[in-house]
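Reading the structure
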Amino acid sequence: MALRWLAGGSYLDMMALFGVSREAFFVGLWLTLAAIVLEMPITFSFRREDLDATAAGFLARQRRPIFRGVVGAIDGILIKVHCPRASEYPKPAQFYTRKSYYALNVQASVDARRKFNFLAMDCPGSVHDSTAFAFCALGAHQEELPAGYYLLGDPAYKAHSQVLVPFEGRARTDSGWEANFSFYHSSLRMNVECAFGMLVQRWGCLWRPLRSRLVHNILVVHACAVLHNWCINNSVPVVLQPPSGPNSARMENRQYMDANGIPTNMLNDGSDGALGA
């Protein structure tokens, strides 16, 4: 049931298909997602042998061995959520972004296979990426990276001995070594953007704003990232299929229910109620 819901299925579908109550479904969902996260945690390793393995992966991706010692490509993504309650976060308005929706600021790092090797959701959506990174564990401990190892970030991040960012302004477009540097930097750093695209495409629950409690929304995103890594390890392809389905939650309008009320299509219609379980 948890996988169907993460892939975009409605809890109404699961109630009809498996004969469970709404409360029982969400209790089971949260317990399952917590077990997934605990079983396969996403942690950034500072061990030299692990750093060497990650750097070798990025080096193998380059046609020219320009960037040696890359141990992660970092970026942030906004995951849409409904406005948290004041009891969950003292200033819920901070989740309202410049893009005019409520969101979580998710900071992540990926390896050359586009697997997440770090994930943090410590800040609301209105916080700038550089600030959110500074508050997260990896940003706070970036100086612990040994000399010769570094992360690749976009211009939103502050340049640091352990964070390499491209040139800004005319240097990014003018001919010369600055433009070449920025081009090859971007070509390697884009792995994190590809990882975000794969993550959202694979898990249909992220196609709509998450409507659970804040702690559960964080758990959902974390579980999606963990399962994303599992899918890459097991060569599970991403199915390119856009969201679809009716907009109404009324059972008679759910065209993917057969005559017996059994779901024939688990894509979510975006009509889930507030998930307060």
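Scroll up to find the structure this text is about.
Below you will find a few notes about this structure.

Rules and cut-offs
Along each chain, numbering runs from 1 in the same order as the chain's sequence is written. Two thresholds apply to this predicted model, a pLDDT of at least 70 for residue-level local features and 80 or more for giving and counting side-chain atom pairs, whereas whole-chain, interface and lining totals are computed over all residues. Think of the side-chain values as coming from all heavy atoms in the structure, minus any hydrogens and water. What counts as a helix is a DSSP run of H or I of at least four residues, what counts as a strand is a run of E of at least two, and both are numbered from the N terminus. Between buried and exposed lies partly exposed: a residue is buried under 20% and exposed over 50% of the maximum accessible area for its type, with that area taken using a 1.4 Å probe on protein chains only. We call two residues in contact when some of their heavy atoms are within 4.5 Å. In this description, accessible areas are obtained by the Shrake-Rupley approach with a 1.4 Å probe, and a residue is regarded as covered only by the protein chains that are shown. In the sections that follow, a salt bridge refers to a side-chain nitrogen of Lys or Arg positioned within 4 Å of a carboxyl oxygen of Asp or Glu. At least two DSSP bridges between two strands are required for those strands to pair. Only the six-membered ring of Trp is used, alongside the rings of Phe and Tyr, when aromatic pairs are assigned; centres must lie within 6.5 Å, and planes under 30 degrees apart are stacked while those over 60 apart are edge-to-face, with the rest tilted. Here the expected length of a helix is defined as 1.5 Å per residue gap, with one fewer gap than residues. This arc is built from the directions going out from the helix axis to the C-beta atoms. The angle between two axes is taken between their N-to-C directions and runs from 0 to 180 degrees, where each axis is a line fitted to C-alpha atoms and a helix contributes only its stretch in contact. Nonpolar side chains (Val, Leu, Ile, Met, Phe, Trp, Tyr) within 5 Å and like charges within 9 Å form the patches, drawn only from residues with over 30% relative accessible area and no salt bridge. We call a set of buried Ala, Val, Leu, Ile, Met, Phe, Trp, Tyr and Cys residues a nonpolar core when their side-chain atoms join them within 4.5 Å. Positive: Lys, Arg. Negative: Asp, Glu. His and the chain ends are not part of the count. Within 3.5 Å is the distance limit for a polar contact, defined as a pair of N or O atoms, with the added protein rule that one can donate a hydrogen and the other accept it, and that residues adjacent in sequence qualify only through two side-chain atoms.

Quick look at the overall build of the chain now. A count of helical and extended segments in the chain gives eight helices and five strands. Taken from N to C terminus, the helices and strands of the chain fall in the order α-α-α-α-β-β-β-α-α-β-β-α-α. Burial status across the chain gives 45% buried among its 277 residues. Within the chain, contacts between residues at least 6 apart in sequence are counted, and of these 64% link residues at least 24 apart. Only carbon and sulfur atoms are counted for the fraction: they give 55% of the accessible area of the chain, which is about 14000 Å².

Applying the stated criterion across every chain, the model contains four salt bridges. Across the pair Glu 49 and Arg 47 runs a salt bridge whose closest N-O atoms are separated by 2.5 Å. For Glu 49, a relative accessible area of 45% corresponds to the partly exposed category. A salt bridge links Arg 47 to Asp 50, with the nearest nitrogen and oxygen atoms 3.9 Å apart.

What follows concerns the pairing of strand β3 (residues 116-124). In terms of burial, β3 is a largely internal element, eight of the nine residues being buried. Examined bridge by bridge, strand β2 (residues 103-110) and β3 share six bridges and lie antiparallel to one another. Looking across to β3, one finds that Gln 107 is bridged to Ala 120. The loop that links β2 with its antiparallel partner β3 comprises five residues; one of these, Arg 114, has a positive phi angle of about 70°.

A few words now on the packing of aromatic side chains. The full count for this structure, using the stated rule, is 13 aromatic pairs. Geometrically, the ring pair formed by Phe 44 and Phe 46 is edge-to-face, given 5.2 Å between the ring centres and 65° between the ring planes. Since its relative accessible area comes to 14%, Phe 44 is described here as buried. Judged by its relative accessible area of 28%, Phe 46 is partly exposed. Note on Tyr 96 and Tyr 102: the rings are 5.0 Å apart at their centroids and 65° apart in plane angle, and the pair reads as edge-to-face. Since its relative accessible area comes to 39%, Tyr 96 is described here as partly exposed. Accessibility expressed as a relative area gives 27% for Tyr 102, which makes it partly exposed.

This part takes up helix α3 (residues 22-39). The end-to-end C-alpha separation of α3 is 26 Å, in line with the 26 Å expected for 18 residues at 1.5 Å each. The complete set of buried residues in α3 reads Phe 25, Phe 26, Leu 29, Trp 30, Leu 33, Ile 36 and Val 37. One side of α3 carries all its buried residues, which in axial view fall inside an arc of 125°. Seen from the open side of α3, the exposed residues pointing more than 90 degrees away from its buried face are Leu 31, Leu 38 and Glu 39. The secondary structure elements touched by the buried residues of α3 are α1 (2-6), α2 (11-18) and α8 (214-233).

This brings us to the sheet that holds strand β5 (residues 163-164). Pairing in this open sheet of five strands is mixed, and the strands run β3-β2-β1-β4-β5 from one edge to the other. Edge positions in the open sheet fall to β3 and β5, since each of these has one partner strand only. Lying on the sheet, helix α4 (residues 48-61) is in contact with β1 (70-80), β2 and β3; it crosses β1 at an angle near 80°.

Let's shift gears to a nonpolar patch on the surface. Where nonpolar side chains cluster on the molecular surface, the patch consists of Met 40, Trp 230 and Val 236 and spans about 240 Å² of accessible area. Relative to the elements of secondary structure, Met 40 occurs in the loop between α3 and α4.

Once that is clear, we can look at the nonpolar core. Grouped together as the largest cluster of nonpolar side chains are 50 residues, with contacts concentrated most on Leu 6, Leu 33, Phe 116, Trp 203, Leu 206 and Val 220. It is α8 that contributes the most residues to this core, 10 residues altogether. Beyond its immediate chain neighbours, meaning those up to four positions away, Leu 6 contacts Leu 33, Trp 203, Gly 204, Cys 205, Val 220, Cys 224 and Leu 227. By size, the runner-up hydrophobic cluster in this structure holds 15 residues, among which are Leu 51, Val 71, Phe 118 and Phe 133.

Before going further, it helps to spend a moment on unusual backbone geometry. We note that Ser 100 has phi near 70°; this positive angle belongs to a residue other than glycine. With respect to the helices, strands and loops of the structure, Ser 100 is situated in the loop between β1 and β2. The backbone of Ser 235 shows a phi angle near 55°, a positive value even though the residue is not glycine. Its location among the elements puts Ser 235 in the segment after α8.

Summarising the element assignment, Asp 129 is placed in helix α5 (residues 129-135). Here Asp 129 is buried and forms no salt bridge, its nearest opposite-charge partner Arg 98 lying at an N-O distance of 7.5 Å. Here Asn 105 takes part through its side chain, which lies 3.3 Å from a polar atom of the side chain of Asp 129.

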